[in-house]
Amino acid sequence: MVDDTTLGDRLWERHANPYSGWSRVATLPLLMYGIHARRPRVVALALGFAVVNPVLFGPPDDADAWMTRVVLGERMYYRHRERRRPADLLNYLNVPLTVYALRAATRRRPVRTVLATAAAMAAKLLFVAVVARYYEANRERYPEDVPDFDRR
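Residues numbered from 1 in each chain as written. Predicted model: local features only at pLDDT ≥ 70, side-chain atom pairs only at ≥ 80, totals over all residues. Heavy atoms only, no water.

Draft legend 1. Looking closely at a nonpolar patch on the surface. A cluster of nonpolar side chains, Leu7, Leu11, Val51, Val52, Val55 and Leu56, forms an exposed patch at the surface whose accessible area comes to about 520 Å². Broken down by secondary-structure element, the contributors of at least two residues to the nonpolar patch are α1 (7-15) and α4 (40-56). Of the residues forming the nonpolar patch, the biggest block, four residues, is contributed by α4. As for its placement among the helices and strands, valine 55 is situated in helix α4. (Patch = residues over 30% accessible without salt bridge, like charges linked within 9 Å, V, L, I, M, F, W, Y side chains within 5 Å. Areas by Shrake-Rupley, 256 points an atom, 1.4 Å probe, with all protein chains shown as cover. Salt bridge = Lys/Arg side-chain N within 4 Å of Asp/Glu carboxyl O. Helix = DSSP H or I, 4+ residues; strand = E, 2+ residues; numbered from the N terminus.)

Here is the structure:
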């Protein structure tokens, strides 16, 4: 039997492991700490972890975990988005919030850094909650985006 999954499909499946998604949540606070505390090794660790994270874990056994549905939903959402949706605003909001957090961290303003980082993370978590529901609602509509481990 020929495996017709692409490298991209396999990467998304590995990233759908809940350990991948949840450990990635810690990346932004770690990065901000490293910048604020002037710890180049911590900054390098956070950035390096963000790059290799999607391949650190194997594909999950099933899609029972919420974070697994988040990752699968994010992929499905972006592959089939014909137009902008209100949920996109949550993702777009991340950019200025993260830039502000970076600026606050470089200027060593701890309260502003923490608040802006928390706001950016809150916007991202709200967005991923939307895409998790999107995945659940569209599994039958887009069966090509449902990995083998989630075929019931």
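From this point on, the discussion continues.
Draft legend 2. Expanded view of the nonpolar core. Ranked by internal contacts, the top residues of the largest apolar core, which has 18 residues, are Leu72, Tyr77 and Phe127. Beyond its immediate chain neighbours, meaning those up to four positions away, phenylalanine 127 contacts Glu74, Tyr77, Tyr78, Ala87, Asp88, Leu90 and Asn91. Residues Leu28, Met32, Ala105 and Ala116 belong to the second largest nonpolar core, which totals 11 residues. (Core = buried A, V, L, I, M, F, W, Y, C linked by side-chain atoms within 4.5 Å. Buried < 20%, exposed > 50% of the residue type's maximum accessible area, 1.4 Å probe, protein only. Contact = heavy atoms within 4.5 Å.)

Draft legend 3. Inspection of the packing of helix α3 (residues 27-36) against helix α7 (residues 110-138) at higher detail. Two elements in contact, α3 and α7, have axes separated by 10 Å at closest approach and are oriented at 160 degrees. As summarised for this structure, α3 and α7 are arranged roughly antiparallel, according to the angle between their axes. The chirality of how α3 crosses α7 is right-handed. Mapping the contact onto sequence places Leu28, Pro29, Met32 and His36 in α3 and Pro110, Thr113, Thr117, Ala120 and Met121 in α7. The residue inventory of the contact of α3 with α7, partitioned by class, reads six nonpolar, three polar and no charged. (Axes fitted to C-alpha atoms, helices over the stretch in contact; angles between N-to-C directions. Parallel < 35°, antiparallel > 145°, perpendicular 65-115°, else oblique. Left-handed = near helix turned anticlockwise from the far one by under 90°. Nonpolar A, V, L, I, M, F, W, Y, C, P; charged D, E, K, R; others polar.)

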